[in-house]
Amino acid sequence: MAAVQPKPTSALKVLVVDDQQQVRQIIRESLYRLGIKSVVMAANAADAIRAMKSEQIDIVLSDYNLGEGTDGQQLLEAARSGRLLTPVVPWIFITANSLKADILAAGDYMPDGYIVKPFTDQLLSRYIESLSARKQALAPLLMAVDSRRWDYVLAVAEAYAQRSDALSVEGHRQKAHALMRLARFEEAHALYERMLGLNSELAWAQLGRAQALRAQGQAAEAQKLLKRLTIDQPSYAAAYDTLMEITEDAGDEAQTLDLARKIADLVPNAKRKLKLGAVALVVGENELAIKALETAVAKSRYAVTPTPNEPLLLSQALVNGGDAQRALTLAGETAKRFPDQTSTQLLTKALSAQAQSQLGNGAAAAALMDELRSHAQEVHLDENGKLMLAKAALAAGQDEFGQQLIIEVARNNSDRPMMLAAAMRAAAGSAKEAECRDQVAAAGKVLEDTLQQLQAAKRSGDLAKALTVGEEALSLSPQHFTVQIELCTLHLIAMNRSDEDGAHANRARELLARLEGINPDHDRVAAARRFFRERVGAL
Amino acid sequence: MADAPQLAAQLDAAVIHDLKNRLAILAGELARLNELDLPPEARRHALAAQEQADAVTHKLVAYLTLRRAAAPDGLRANTQEDTPALLLDELQAEALLLAGGRVEVLVDAAGAPDFWFYDRHLVLLALDSALYNALRFARSRITLRASTTAGGICFSIRDDGPGVQATPDASSTGVGLRVCEAVAAAHRNRGIPGHCTLRSERDGGAVFELHLP
């Protein structure tokens with residue numbers, strides 16, 4: 001591992017972010033006294049982002065409370081998620097509240113340290129020096145993690161894990177994480193247990209152990225451990241995230257909504273508010289959806305890379321809530337804001353069509369539907385998008401098209417009970433409600449039967465039949481996760497037995513690529529990827 | 001619309017934030033003042049003012065910690081790996097500053113583990129409180145120590161003052177020790193909580209110990 005020569009403190013370029021001019025001045029003078037002359041000042045998040053984009057910043061000293069608008073935590077998240085800084089740049093919060101740690105621990109991105117005001121020059125100097133030194137010492141590992149090449153991360157992390165100092169713990173942590181990404185769940189589990197043997201309260205190791213158990217098919221045990229973790233560490237947001245994935249898989253709407261609400265309270269950023277809004281929409285809690293999505297829209301105003309998801313879902317919630325005029329305005333604004341995104345253009349038209357129908361403008365709604373139908377096949381939409389389109393079609397009297405979309409969603413999501421429920425709700429209030437409900441239930445039943453046939457063929461060892469049933473199921477439900485992963489696994493098995501012309505390997509590669517696009521972090525996808533790499537090599 | 005306790009909490013948070021910002025400005029101004037070439041009497045007053053600003057900040061932090069410990073969720077340790085020797089260095093730097101040359105501050109980290117798991121911020125808060133106490137009574141020396149124990153790590157602060165029994169308690173509210181107890185209790189490992197003690201040494205002085213599992 002090449003040693004990284006740290007910059008001398010006096011050569012560092014420091015970004016100071018504070019809404020109070022007097023405080024900025026005090027910090028700058030402290031830095032000057034420490035020999036740091038290169039200081040960039042920012043009074044708010046927008047100035048800070050501009051500075052990060054234009055300057056090569058070595059350290060960020062940011063107030064947590066930045067007055068109106070974006071707070072320090074949001075700024076940190078924007079900087080890290082937008083990759084405005086390298087992972088080696090330390091981020092230090094300067095807070096007025098000595099107990100800010102409780103809040104900071106809850107964020108999606110953690111600061112590297114924080115200093116409580118007022119502070120001495122010596123303390124500031126020690127923080128800057130010790131945090132810079134730690135980050136420089138960890139630089140190869142941080143850069144490896146940033147590359148997401150998990151075999152490489154594993155090798156680098158192993159070297160750190162062998163050390164006997166505090167950095168070895170970070171080595172173990174990243175090693176366990178890499179093992180999870182490489183689908184070596186048992187080894188990851190053993191490593192997390194080993195870390196918990198050192199200290200039973202390490203939240204990241206408790207979470208990792210639960211995730212490893214879940215990946216090994218022990219979801220109930222994982223859920224039990226995670227519930228205990230959320231009691232012991234009530235501000236550890238990542239534990240709630242995994243719990244929510246488990247309740248979502250199980251189709252437990254009430255628990256999922258409750259967890260989404262808790263996380264959004266704990267980490268009130270745009271991402272968490274969007275998730276709460278999306279869950280509330282799916283389970284039919286429209287008022288809550290509007291409230292959460294309004295906050296998400298307001299918070300994402302400062303996003304480094306804005307997405308249309310927040311306004312699109314808010315627009316849908318507004319239509320559901322009967323506020324068609326506002327929905328129409330928002331859809332129009334969103335279309336203008338994202339002119340080059342074809343899916344956004346399509347969905348804003350669908351939402352406008354829903355709103356126009358509600359306002360009694362049937363002709364306008366029909367015209368919009370005609371316009372978007374000609375492009376609908378060319379655009380890839382996620383399941384929520386398809387349901388938006390289905391609602392628009394049903395509202396504009398294009399029942400067949402609406403039903404077709406709802407059935408498509410149902411067929412592709414028979415393993416996701418909450419999405420099935422959302423598909424049924426999409427037809428609520430329309431003339432076709434009862435019919436759609438029956439068709440959704442029937443689609444689920446057909447898939448369930450097919451998957452049972454597939455399992456029976458697998459149990460009897462009839463691989464050829466299992467492959468045929470799997471391919472049939474895929475033609476029926478081309479985006480169904482379970483069908484895709486089952487079929488991919490079958491082709492991997494077939495490939496392992498005999499694959500002279502490479503047909504199974506090619507089909508497995510193709511399915512794996514699709515799965516990587518849908519759910520790259522899923523444990524079964526990771527396991528399939530590992531199997532393929534071990535047998536064939538690179539994807 | 002927020003209810004009354006919520007509004008009170010929001011008001012508290014806003015006032016505390018403002019107070020601490022103003023204290024930061026006050027401490028900054030006093031630091032600048034102390035850099036000037038002041039006449040001896042002015043220097044004495046400026047240093048006394050700086051000490052008072054630090055003491056007010058310290059009290060406010062202790063109060064907030066205890067308030068949090070008394071809340072339903074209690075005080076929770078965010079346990080991470082840390083280097084005890086570096087933590088003592090940081091504490092020593094602060095002690096030297098506060099002592100203003102009146103006492104010497106020694107560090108003994110020879111028996112400390114290379115790293116241990118605890119909430120660095122909370123541990124500093126507790127040791128800071130104990131340090132304030134030690135500074136009040138030390139005659140000439142304070143020793144900061146970290147050592148490995150059978151069940152974990154022990155941070156200690158020893159002074160060469162009159163000892164615990166003889167400590168005049170008229171100006172003490174006991175807040176410092178309560179902060180330390182809250183911080184110790186916030187740390188657990190395999191069901192065992194941390195604890196702290198304050199006692200007199202046989203050969204004189206008082207020693208505070210923070211044991212973390």
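Model, not experiment: these values are computed from the prediction. (Residues numbered from 1 in each chain as written. Chains lettered and ligands numbered in written order. Predicted model: local features only at pLDDT ≥ 70, side-chain atom pairs only at ≥ 80, totals over all residues.)

Digging into the overall build of chain A
Within chain A one finds 26 helices and five strands. Its C-alpha radius of gyration of 26 Å places chain A within 12% of the 24 Å reference for a compact globule of 539 residues. By residue count, 47% of the 539 residues in chain A fall in the buried class. (Helix = DSSP H or I, 4+ residues; strand = E, 2+ residues; numbered from the N terminus. Rg over C-alpha atoms; globule rule 2.2 N^0.38 Å. Buried ≥ 20, exposed ≤ 12 C-beta atoms within 10 Å, placed from the backbone.)

Brief notes about the overall build of chain B
Looking only at helices and strands, chain B features five helices and nine strands. Listed by position from the N terminus, the elements making up chain B come as α-α-β-α-β-β-α-β-β-α-β-β-β-β. Its C-alpha atoms give chain B a radius of gyration of 19 Å, near enough to 17 Å, the size a compact globule of 213 residues would have. Projected onto its principal axes, the C-alpha coordinates of chain B cover approximately 55 × 50 × 35 Å.

Some remarks on the packing of helix α10 (residues 219-232) of chain A against helix α11 (residues 237-249) of chain A
Residue and element names in this part refer to chain A. Two numbers describe how α10 lies on α11: the axes approach to 9 Å, and their chain directions differ by 145 degrees. Between α10 and α11 the crossing geometry is left-handed. Together, A219, A222, Q223, L226, K227, L229 and T230 of α10 and A239, Y240, T242, L243 and I246 of α11 make up the contact between the two elements. Class assignment for the residues of the contact of α10 with α11 results in eight nonpolar, three polar and one charged. (Axes fitted to C-alpha atoms, helices over the stretch in contact; angles between N-to-C directions. Left-handed = near helix turned anticlockwise from the far one by under 90°. Contact = placed C-beta atoms within 7 Å. Nonpolar A, V, L, I, M, F, W, Y, C, P; charged D, E, K, R; others polar.)

A short note on the domain arrangement of chain B
All names here are of chain B. As far as domains go, chain B holds domain 1 (4-70) and domain 2 (80-212). Here domain 1 and domain 2 have C-alpha centroids that lie 23 Å from each other. Counting from both sides, the interface comprises eight residues of domain 1 and, opposite them, 10 residues of domain 2. Residue composition of the side of domain 1 that touches domain 2, by class: five nonpolar, two polar and one charged. (Domains from an automatic or database assignment.)

Considerations on the interface of chain A and chain B
Taken together, the 29 residues of chain A in the interface contact 35 residues of chain B. Put simply, the parts of the chain that give the side of chain A that touches chain B at least two residues each are α1 (21-33) and α5 (121-147) of chain A. By residue number, the principal contributor to the side of chain A that touches chain B is α5 of chain A, which donates four residues. Of the residues that constitute the side of chain A that touches chain B, the class distribution is 13 nonpolar, 12 polar and four charged.

Let's talk about the sheet that holds strand β9 (residues 206-212) of chain B
All names here are of chain B. Strand order in the open sheet formed by five strands is β2-β4-β5-β9-β8, and the pairing between neighbours is mixed. Edge positions in the sheet fall to β2 (104-108) and β8 (195-200), since each of these pairs with one other strand and no more. Strand after strand, the sheet turns through a mean of 15 degrees between neighbouring axes, direction not considered. Across six bridges, the pairing between strand β5 (residues 152-159) and β9 is antiparallel. Among the inter-strand pairings, I157 is bridged to a residue of β9, identified as F208. Together, β8 and β9 form the strand contacts of helix α5 (residues 175-186), whose direction differs from that of β8 by roughly 145 degrees. (Pairing = 2+ DSSP bridges.)

Section: the sheet that holds strand β5 (residues 113-116) of chain A
All names here are of chain A. Read from one edge of the open sheet, five strands run β2-β1-β3-β4-β5, paired in parallel fashion. Each edge of the open sheet carries a strand with a single partner, namely β2 (38-42) and β5. Ignoring strand direction, the axes of neighbouring strands in this sheet form an average angle of 20 degrees. Taken together, the four bridges between strand β3 (residues 59-63) and strand β4 (residues 91-95) define a ladder with parallel strand orientation. Within β4, the position partnered with S62 by the bridge is F93.

Thoughts on the domain arrangement of chain A
All names here are of chain A. As assigned here, chain A comprises domain 1 (10-146), domain 2 (148-250) and domain 3 (445-535). Computed from C-alpha atoms alone, the centre-to-centre distance between domain 2 and domain 3 is 28 Å. Counting residues at the interface gives five residues for domain 2 and five residues for domain 3. Residues that form the side of domain 2 that touches domain 3 fall into these classes: four nonpolar, no polar and one charged.

Description of the nonpolar core
By size, the foremost hydrophobic cluster in this structure holds 169 residues, and its most contacted members are I406 of chain A together with A126, L127 and V183 of chain B. Sorting elements by how many residues they give to this core places helix α4 (residues 120-137) of chain B first, with 10 residues. Contacts of L127 of chain B, omitting those with residues within four sequence positions, involve L91, F155, I157 and L210 of chain B. L12, A79, V89 and Y127 of chain A belong to the second-largest nonpolar core, a separate cluster that totals 39 residues. (Core = buried A, V, L, I, M, F, W, Y, C linked by C-beta atoms within 7 Å.)

Quick look at the packing of helix α17 (residues 342-358) of chain A against helix α19 (residues 383-395) of chain A
All names here are of chain A. Packing of α17 against α19 leaves a shortest axis separation of 8 Å and a crossing angle of 35 degrees. As for the relative orientation of α17 and α19, their crossing is left-handed in sense. In contact with S343, L347, A350, L351, A353, Q354 and S357 of α17, α19 contributes G385, M388, L389, K391, A392 and A395. Residue composition of the contact of α17 with α19, by class: eight nonpolar, four polar and one charged.

What about the environment of A427 of chain A?
All names here are of chain A. Structurally, A427 is set in the loop between α21 (417-426) and α22 (433-459). When the 24 C-beta atoms within 10 Å are taken as the criterion, A427 is described as buried. Considered as a pair, A427 and E510 are 83 residues apart in the sequence and their alpha carbons are 34 Å apart. In this structure, A427 is in contact with L394, I406, K432, E433 and C436, ignoring residues within four places of it in sequence.

Remarks on the environment of Q50 of chain B
Residue and element names in this part refer to chain B. Structurally, Q50 can be placed in helix α2 (residues 40-70). Sequence-wise, Q50 and G28 are 22 residues apart; in three dimensions their C-alpha atoms are separated by 9.2 Å. With residues near it in sequence (within four places) discarded, Q50 still touches A27, L30 and N34.

Things to note about α5 of chain A
All names here are of chain A. Taking 1.5 Å per residue as the helical rise, α5 with its 27 residues ought to reach 39 Å, and the 36 Å between its terminal C-alpha atoms agrees with that figure. Along α5, the helix axis deviates most sharply at A139, where the bend reaches about 60 degrees; the proline P140 sits within four residues downstream. Regarding α5, the residues found buried are L124, Y127, I128, S132, K135, L138, L141 and A144. Turning to α5, the residues buried within the fold contact α1, β3, β4, β5, α6 (150-161) and α7 (167-181). (Expected span 1.5 Å × (residues − 1). Bend = angle between axes of the 7 residues up to and from the residue.)

Regarding the pairing of β3 of chain A
Where burial is concerned, most of β3 of chain A is hidden: five out of the five residues are buried. Here β3 of chain A shows two buried faces, one formed by I59, L61 and D63 of chain A and the other by V60 and S62 of chain A.

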